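# Residue-level structural notes
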Amino acid sequence: MPRVGVLALQGDVREHEAAFVELGVDVRRVRTAAHLDDVDALVIPGGESTAIAHLLDTSGLRSEIGTRLGSGLAIFGTCAGLILVARDVLDGRVDQWSFGVLDVSVRRNGYGRQIASFETELEVHGVGNVHGVFIRAPKIEAIGDDVVVLASHDHGGGTHPVLVRQGRVWGCSFHPELTNDRRVQRLFVESI
Ligand code: GLN
């Protein structure tokens, strides 16, 4: 079983941790560079991407994660976490940075603000029907050739990917940790 770290700087850390514990995975919270040493994968949770980015800078984790990404660290970025791995962030704060390791263009709050948060049924490739919870979710507006789409959603203004992967880096617009269904996380764990 791989060892999964959950970035524990801000956001819904506890829910992600509980989901992986349920799967029988060895989970640890990552708050410092040293905590990264023995994890095979890192979950970047939902929350506020600007706040997480700031804390990544001040904790020294930004450069350490960058280094580990170069040597094959697997990443599961949900919502704010998706924004943090995206190559291109639209409607971000002027100083907003991201790791740029997932070849997608995402729009922050692309489905609307808090009041426009929604839940819907999704068809996830290799899993089946999954209940998707979207909270001020980023919208994936473009993807590169190497990005595999595992689920899409038609939200009126066109169909957009909501779960994608590029090799070891996964990005998810919705919150699988907020339901009792662990199949999306299991798919990720099996891929590590
Ligand atoms: N809109 C948030 C951001 O820009 C992400 C929302 C979420 O993670 N639920 O960081």
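Just above sits the structure.
Each value, and the rule that gives it
Residues numbered from 1 in each chain as written. Predicted model: local features only at pLDDT ≥ 70, side-chain atom pairs only at ≥ 80, totals over all residues. Heavy atoms only, no water. Buried < 20%, exposed > 50% of the residue type's maximum accessible area, 1.4 Å probe, protein only. Helix = DSSP H or I, 4+ residues; strand = E, 2+ residues; numbered from the N terminus. Pairing = 2+ DSSP bridges. Contact = heavy atoms within 4.5 Å. Polar contact = N/O pair within 3.5 Å; in protein donor to acceptor, adjacent residues only side chain to side chain. Phe/Tyr/Trp six-rings, centres within 6.5 Å; stacked < 30°, edge-to-face > 60°. Lys NZ or Arg CZ within 6 Å of the ring centre and 35° of its normal. Core = buried A, V, L, I, M, F, W, Y, C linked by side-chain atoms within 4.5 Å.

### Describing the pairing of strand 3 (residues 41-44)
Residues of strand 3 alternate between two faces, with Ala41 and Val43 on one and Leu42 and Ile44 on the opposite face, all of them buried. In this sheet, strand 3 lies alongside strand 1 (residues 3-7) in parallel orientation, the contact comprising three bridges. Across the sheet, residue Gly5 finds its bridge partner in strand 3, namely Leu42. Bridge analysis of strand 3 against strand 4 (residues 74-78) gives four bridges, and the strand direction is parallel. Looking across to strand 4, one finds that Val43 is bridged to Phe76.

### So, the pairing of strand 7 (residues 118-124)
Burial along strand 7 is one-sided: the residues Phe118, Thr120, Leu122 and Val124 are buried and none of Glu119, Glu121 and Glu123 is. Direction of pairing for strand 7 relative to strand 8 (residues 128-134): antiparallel, over a ladder of seven bridges. The partner of Phe118 across the bridge, within strand 8, is Phe134.

### Comments concerning the environment of Ser49
Turning to its location among the elements, Ser49 is positioned in helix 2 (residues 49-59). Separated by 24 residues in the primary sequence, Ser49 and Val25 place their C-alpha atoms 26 Å from one another. Once you skip the residues sitting within four places of it in the chain, Ser49 turns out to touch Ala80, Ile83, Leu84, Gln96 and Arg108. Reaching out from Ser49, the side chain makes a polar contact with the side chain of Gln96 at a distance of 2.9 Å.

### Considering the packing of aromatic side chains
For the structure on display, the rule yields eight aromatic pairs. With a centroid separation of 5.1 Å and an interplanar angle of 85°, the aromatic rings of Trp97 and Phe99 are classed as edge-to-face. Accessibility assignment for this pair places Trp97 and Phe99 in one class, buried. Taken together, the ring pairs connect Tyr111, Phe118, Phe134 and Phe174 into an aromatic cluster. Above the face of the Trp97 ring, Arg62 is positioned so that its terminal group lies 3.8 Å from the ring centre. Sitting above the plane of the Tyr111 ring, Lys139 keeps its charged end 4.9 Å from the centroid.

### Some words on the side chain of Gln185
Residue placement: Gln185 occurs in helix 5 (residues 183-191). If we skip the residues at most four places from it in the chain, Gln185 touches Ala19, Phe20, Leu23, Pro176 and Glu177.

### Topic: the nonpolar core
Counting 31 residues, the largest nonpolar core has Phe20, Phe134, Leu163 and Phe174 as the members making the most contacts within it. Of the residues forming this core, the biggest block, four residues, is contributed by helix 5. In this structure, Phe134 is in contact with Tyr111, Ser117, Phe118, Thr120, Leu122, Val162, Ser173 and Phe174, ignoring residues within four places of it in sequence. Listed in part, the 29 residues of the second largest apolar core include Leu73, Ala80, Leu82 and Ala86.

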